[in-house]
Amino acid sequence: MLRNPAWMGLRGILLLAVAAFVGCGKGTSDPVVYYGYYHPAGWINEHPGKALADAGSCARCHELTVLKVGSGVPSCMASACHHGTQPGWANADLHGLRAKLAAGPSGRSFASCQICHGKDFSGGGSANACATCHGVQAPHPAKPWRLSAGSLHTHTTTDPSNAAVCAQCHYPGSPHNPAGHPASPAPAGTQPGCYNATLCHANAGAPHPLGPIWTEATSPSFHGIQAKQDLLYCQSCHGTPGTPMFDGGTASTACSACHTAAFAHSTTWYQDPVQTFPGYVPSHRNAGNLAACQACHDGLVQGRTAPLPAAPSCYSASFDNGVHGTVGCHANGPAAPNHPVPFTGTTHTTVTQAQFTADCAACHAVAGSSPVAGAPLCSVCHQAASPLDAGKGPGTCLSCHLGAAGLPAGPTGTAFPSLAGAHAKHMGLRTALTCNTCHNGIGAGSLAHYNAANARVSQPTSPAPVAMVATFNAQSGTAGFTAAALTCSNVSCHGGQTTPSWQTGTLAVNATTYCLACHKIASTPTQYNDAMGRHNTPSDHNQTCDYCHDMTQAKPGAQNHFKYLDTPAVSGAVTGSPADQFPSDTIRFGGGSQPATGALTYTVTSSTQGQGGCALTCHTQDHTTANNTWN
């Protein structure tokens, strides 16, 4: 019988397939049992290390790609396997830390990444290139990959056993290396290592100089300058990463051997840093890695339990380590000001040059550029002069305002915040006034003053906040200020009436119009200084104010008209208090013209203040002191 050649060929292929299938195991009709027979118990936990040793053996049965589906044999790319089941694996704090570890039974290391992502990390069987997230075709972020250069991640905690993978890109002379790294490459064929001049670093196994030049604080190459940029880097060799320990690791030298109290840095580490030699002063103020602080301190998370209980909190208001005494710290946390914000305390408002140099200058500068980028310059708010200059310091007001020290006549400039306005007129009155009279609670050191002058938020604009002391409230209500019109109201001095504009208005003494701007004539008074009695009888005494009153007389009552504006009381008796406040001293009749002629005198006694007698002839009628008393 003739055989069909096509059928024979197909049958041969099937037989080969069966043989290959049986060759992977012990031969069974149950595929579930079949796979269990092939791998020993616990294989799921052991296979990562085996795969690292020989991934090719896995490929005999398993597909190492997402681009092809096998014959029912589990794929290494199954979503339920490997890191596909770990939430947040894409976060560098998860997969990055694992990749930097040494290879072990559970996988780990850069080599384990290569199994799925390709030898050159271009995607491999996973079809997911590292460059998709990293931005570079490498199992790490783009350069610089170190905290001291400003990166959020670092290569310094990578286990040295990964050096062979690093060498794929970072071989001597590689364009990926910093210039001159290594300065003298190791002989060809040298096994890649972190500190043997096969990658970047040399120095006989250490990434830094050795000997006195590195250990002595008299040397410009002193290790403290480099170490505080990233103490975790130091710990990778001189301690135990992930702990507060700096007592030696792969390097036999322990930081704690010299730094017995703080383990990794000087005990007194708060002072203003000095980077020159001699005179070097160690300080954490210019340390470069806050994350390293968290190895011992509570760090960036307030309330976090510090890994080293004895380490002071980064949120301490003060600290005394028994060596340097109590010093102020940063109550707002690391990298935040060591003072409140807003900073209205006397430490700020009365600071001297010596105090500024010892404390503030670590963060702030008066002008130019501050040592700490986020710390405002003094000149941002103090725009007229430095508050540290002679004659411009606390109490003078002259770092912001123009005028005499202390502003006894108010500011004298032409632009805000030094607009002269009516300051000089008011401050020159015989009633003692201060800035606080109208700017009550808004003086230097107050939050309102701070906010009004805070050019860090926006450039201050006119007018300044106004709040008058209650002493000057009118009888009709509380004194107020209208910013749009620059006028005051309900001020007792002005008889409760709306005042002229603070900047452009005027009042002339001895003119009826301006007397009435403060004194109203009323039968029933509504203000403390209303004119009453016969003043309110138009048919009887309808004369202008300055016909009877002359404020230019050299008498106490006239001279002191503006001396007692801080009291609503008027002394009507010679024995009253104050004794120099005589209303009668303002009276001097116009004289020499109609309607009044004659003696033109006004006479009072100790018992007739306010009810004196007039002696004059008016409209042919003679008035005598005895028969013509006022009111």
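1. Considering the overall build of the protein chain
Across its full length, the protein chain holds 20 helices and 7 strands. The burial tally for the protein chain puts 31% of its 631 residues in the buried class. Counting only contacts in the protein chain whose residues sit at least 6 apart along the sequence, the fraction spanning at least 24 positions is 38%.

2. A few points about unusual backbone geometry
Residue Pro-342 is bonded to the preceding Val-341 through a cis peptide linkage, with omega at 5°. A positive phi is found at Phe-263, a non-glycine position, where the angle reads about 75°. Of note, Phe-263 is situated in the loop between α11 (231–238) and α12 (290–293). The partly exposed category is assigned to Phe-263, whose relative accessible area is 24%. Phi is positive for Asn-490, close to 55°, though the residue is something other than glycine. Mapping Asn-490 onto the fold places it in the loop between β4 (487–489) and α18 (512–515).

3. As for the pattern of salt bridges
Counting across every chain of the model gives 1 salt bridge. In this structure, the salt-bridge partner of Arg-588 is Asp-550, at a minimum N-O distance of 2.3 Å. Here Arg-588, found in the loop between α20 (556–559) and β5 (596–603), pairs with Asp-550, found in the loop between α19 (545–548) and α20; they are 38 residues apart in sequence, far enough to count as distant. Among the residues examined, Arg-588 registers a relative accessible area of 46% and is labelled partly exposed.

4. A look at the packing of aromatic side chains
Counted by the stated rule, this structure contains 1 aromatic pair. Their ring planes at 70° and their centres at 5.4 Å tell us that Phe-222 and Tyr-280 sit as a pair that is edge-to-face. One end of the pair, Phe-222, is in the loop between α9 (212–215) and α10 (223–227); the other, Tyr-280, is in the loop between α11 and α12, and 58 residues separate them in sequence. The burial state of Phe-222 is the same as that of Tyr-280; both residues are buried.

5. Observations regarding the pairing of strand β6 (residues 613–618)
The side chains of a regular strand alternate between the sheet's two faces. Across the 6 residues of β6, 5 count as buried, placing the element largely inside the fold. Looking at chain direction, β6 and strand β7 (residues 621–623) are connected through 3 bridges and run antiparallel. Among the inter-strand pairings, Leu-616 is bridged to a residue of β7, identified as His-623. Here β6 folds back onto β7, and the loop between the two strands holds 2 residues, one of which, His-619, carries a positive phi near 55°.

6. A closer look at the environment of Phe-121
Residue position: Phe-121 is located in the loop between α6 (110–117) and α7 (131–134). For Phe-121, a relative accessible area of 4% puts it in the buried group. Linking Phe-121 and Pro-139, residues 18 residues apart in sequence, is a C-alpha distance of 6.9 Å. Sequence-distant contacts of Phe-121, defined by excluding residues within four places in its chain, comprise Phe-110, Cys-113, Gln-114, Ala-129, Cys-130, Gln-137, Pro-139, Val-165 and Gln-168.

7. Structural notes on α6
Of the residues making up α6, those classed as buried are Phe-110, Gln-114, Cys-116 and His-117. As for α6, its buried residues are in contact with α5 (92–99) and α8 (163–166).

8. Quick look at the nonpolar core
Formed by Ala-227, Leu-231, Cys-234, Phe-246, Cys-255, Ala-264, Trp-269, Ala-292, Cys-296, Leu-308 and Ala-311, the largest nonpolar core amounts to 11 residues. When near neighbours in sequence (up to four residues on either side) are disregarded, Cys-296 contacts Pro-244, Phe-246, Ala-306, Pro-307, Leu-308 and Ala-311. The next biggest cluster of nonpolar side chains, apart from the first, holds 9 residues, and it includes Met-427, Phe-472, Cys-488 and Val-491.

9. Quick notes on the sheet that holds β5
The 3 strands are arranged β5-β6-β7 in an open sheet whose pairing can be described as antiparallel. Taken across any chain shown, the strands that pair with only one partner, and hence form the sheet edges, are β5 and β7. Going from strand to strand, the sheet's axes swing by 10° on average, the running direction of each strand aside.

10. Things to note about the environment of Gly-557
Examined against the element boundaries, Gly-557 turns out to sit in helix α20. When the C-alpha positions of Gly-557 and Ile-587 are compared, they lie 9.3 Å apart, and in sequence the two are 30 residues distant. In contact with Gly-557, other than residues within four places in its own chain, are Asp-580, Phe-582, Asp-585 and Thr-586.

11. Brief notes about the side chain of Asn-177
Locating Asn-177 in the fold gives a position in the loop between α8 and α9. At a separation of 2.9 Å, a polar atom in the side chain of Asn-177 contacts the side chain of His-170. The contacts of Asn-177, once residues within four sequence positions are left out, are His-170, Tyr-171, Pro-172, Pro-182, Leu-199 and Cys-200.

12. Quick notes on the confidence of the model for the protein chain
On average, residues of the protein chain score 81 in pLDDT, and 85% of them are at 70 or above. pLDDT under 50 marks residues 1–35. Its contacts with residues more than four places away, or in other chains, come to 16 contacts.

13. Some points on a nonpolar patch on the surface
Residues Leu-290, Leu-300 and Val-301 make up a contiguous nonpolar surface patch of roughly 240 Å² in combined accessible area. Tracing the backbone shows Leu-290 in helix α12.

14. Brief notes about the environment of Cys-296
Looking at the element boundaries, Cys-296 is found in the loop between α12 and β1 (318–320). When the C-alpha positions of Cys-296 and Gly-242 are compared, they lie 9.9 Å apart, and in sequence the two are 54 residues distant.

15. Examining the state of the cysteines
Applying the stated rule across the entire model yields 0 disulfides. With no disulfide of its own, Cys-435 has Cys-397 as its nearest cysteine by sulfur position, at a separation of 5.9 Å. On the basis of relative accessibility, which here comes to 36%, the residue Cys-435 falls in the partly exposed class. Take Cys-614: it sits in no disulfide, and the sulfur closest to it among the cysteines is that of Cys-548, at 7.3 Å. Residue Cys-614 is classed as buried on the basis of its relative accessible area of 7%.

16. Notes on the side chain of Asn-560
Position of Asn-560 among the secondary structure elements: in the loop between α20 and β5. Classification of Asn-560 as buried rests on a relative accessible area of 6%. Not counting residues up to four positions away in its chain, the partners in contact with Asn-560 are Arg-430 and Asp-580.

About the cut-offs
Residues numbered from 1 in each chain as written. Predicted model: local features only at pLDDT ≥ 70, side-chain atom pairs only at ≥ 80, totals over all residues. Heavy atoms only, no water. Helix = DSSP H or I, 4+ residues; strand = E, 2+ residues; numbered from the N terminus. Buried < 20%, exposed > 50% of the residue type's maximum accessible area, 1.4 Å probe, protein only. Contact = heavy atoms within 4.5 Å. Salt bridge = Lys/Arg side-chain N within 4 Å of Asp/Glu carboxyl O. Phe/Tyr/Trp six-rings, centres within 6.5 Å; stacked < 30°, edge-to-face > 60°. Pairing = 2+ DSSP bridges. Core = buried A, V, L, I, M, F, W, Y, C linked by side-chain atoms within 4.5 Å. Axes fitted to C-alpha atoms, helices over the stretch in contact; angles between N-to-C directions. Polar contact = N/O pair within 3.5 Å; in protein donor to acceptor, adjacent residues only side chain to side chain. pLDDT = per-residue confidence, 0-100. Patch = residues over 30% accessible without salt bridge, like charges linked within 9 Å, V, L, I, M, F, W, Y side chains within 5 Å. Areas by Shrake-Rupley, 256 points an atom, 1.4 Å probe, with all protein chains shown as cover. Disulfide = S-S within 2.5 Å.

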